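Residue-level listing of the chains:
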Amino acid sequence: MIKFRALLFFLFLIVVASISFAQTVHVVEARDFVFVPENVNVAVGDTIEWQWIEGSHTTTSDSTSGQNVWDAPLNVANQVFRFVITAPGVHHYVCTPHQNLGMVGTITATISGVEDENNPPKKFQLSQNYPNPFNPFTTIKYSLLEPAKVTLKVYNLLGKEVAELVNGNKNAGNYEVEFDASTLPSGIYFYELKAGSFTQTKKMVLLR
């Protein structure tokens, strides 16, 4: 039993590592009194890496609450800072001592692979949850091409059902559900969407 648990933990570490390496990294340089590039387009889950070139700066989010809040020095002693974007939208940031000189930046984050919420869906689709890895909340989005009986369930690594998020008839459209895993241990989980004859399963990681 101990060996089996050790094997599961080893597989969990491999999956977490593979997810981390799969994420896209966008490099922003802090040089003179500018961020280069000043505007960056990313997908939710991507990493922004600020690299110090010269001067003494900070990268400080314009927001003081929410998922995407950061404040870090960029100087000779702190030459690299990384941050994972976990929510869609336009995120503004500044260099605190040089904001008045125009040292500002913008990150525009979108959810990769999700239909535009203002347009009708073109197909049945289950999207990757975000953020992922998460702790303890994450959002799952799905699209229905036509009305259907829908179930959305979460399973642990052993195939045991740990949560039922949706169970009922739904009209065609785009939907999102928040999953609260505050009562569950860290690990790999699978969420499965069934809509009529359509079935799709994706993997997510709860990392405390």
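Quick summary incoming for the structure in this document. (Residues numbered from 1 in each chain as written. Predicted model: local features only at pLDDT ≥ 70, side-chain atom pairs only at ≥ 80, totals over all residues. Heavy atoms only, no water.)

**Describing the pairing of strand 15 (residues 187-195)**
Rule in force here: Note on exposure labels: buried denotes an accessible area under 20% of the residue type's maximum, exposed denotes more than 50%, and partly exposed covers the range between, all computed with a 1.4 Å probe on protein chains only. For the purposes of this entry, the term helix denotes a DSSP run of H or I that reaches at least four residues, the term strand denotes a run of E that reaches at least two, and both are numbered from the N terminus. Paired strands are those between which DSSP finds at least two bridges.
With seven of its nine residues buried, strand 15 lies for the most part within the structure. Pairing of strand 12 (residues 148-156) with strand 15 involves seven bridges; the strand directions are antiparallel. Bridge assignment links Lys 153 to a residue of strand 15, and that residue is Glu 192. Pairing geometry for strand 15 and strand 16 (residues 198-206), over nine bridges, is antiparallel. Bridging from a neighbouring strand, Tyr 189 pairs with Met 204 of strand 16. Linking strand 15 to strand 16, which pair antiparallel, is a turn of two residues; within it Gly 196 sits at a positive phi near 65°.

**Quick look at the side chain of Ser 143**
Under the convention used in this document: Identification of polar contacts relies on pairs of N or O atoms within 3.5 Å, with a donor-acceptor requirement for protein atoms, meaning one able to donate a hydrogen and the other able to accept it, and with residues adjacent in sequence counted only if both atoms are side-chain atoms.
Here Ser 143 is to be found in strand 11 (residues 137-144). The class of Ser 143 is buried, set by a relative accessible area of 4%. Among the polar contacts listed, one links the side chain of Ser 143 to the side chain of Asn 174, at a separation of 2.7 Å.

**Observations concerning the nonpolar core**
Generally speaking, a soluble globular protein has its nonpolar side chains buried in company with each other. In plain terms, the rule: The criterion is simple. A nonpolar core is a set of buried Ala, Val, Leu, Ile, Met, Phe, Trp, Tyr and Cys residues joined through side-chain atoms within 4.5 Å. When checking whether two residues touch, look at their non-hydrogen atoms; a contact exists if any pair is within 4.5 Å.
Ranked by size, the top nonpolar core spans 23 residues in total, and within it Tyr 142, Val 150, Leu 152 and Phe 179 carry the most contacts. Elements that contribute at least two residues to this core include exactly strand 11, strand 12, strand 13 (161-170), strand 14 (173-180), strand 15 and strand 16. Setting aside residues no more than four positions away along its own chain, Leu 152 makes contact with Leu 126, Ile 140, Tyr 142, Ala 163, Glu 164, Leu 165, Val 166, Val 177, Tyr 191, Glu 192 and Leu 193. Counting 22 residues, the second largest nonpolar core, distinct from the first, contains Val 28, Ala 72, Ile 107 and Tyr 130.

The analysis is restricted to geometry; functional conclusions fall outside its scope.
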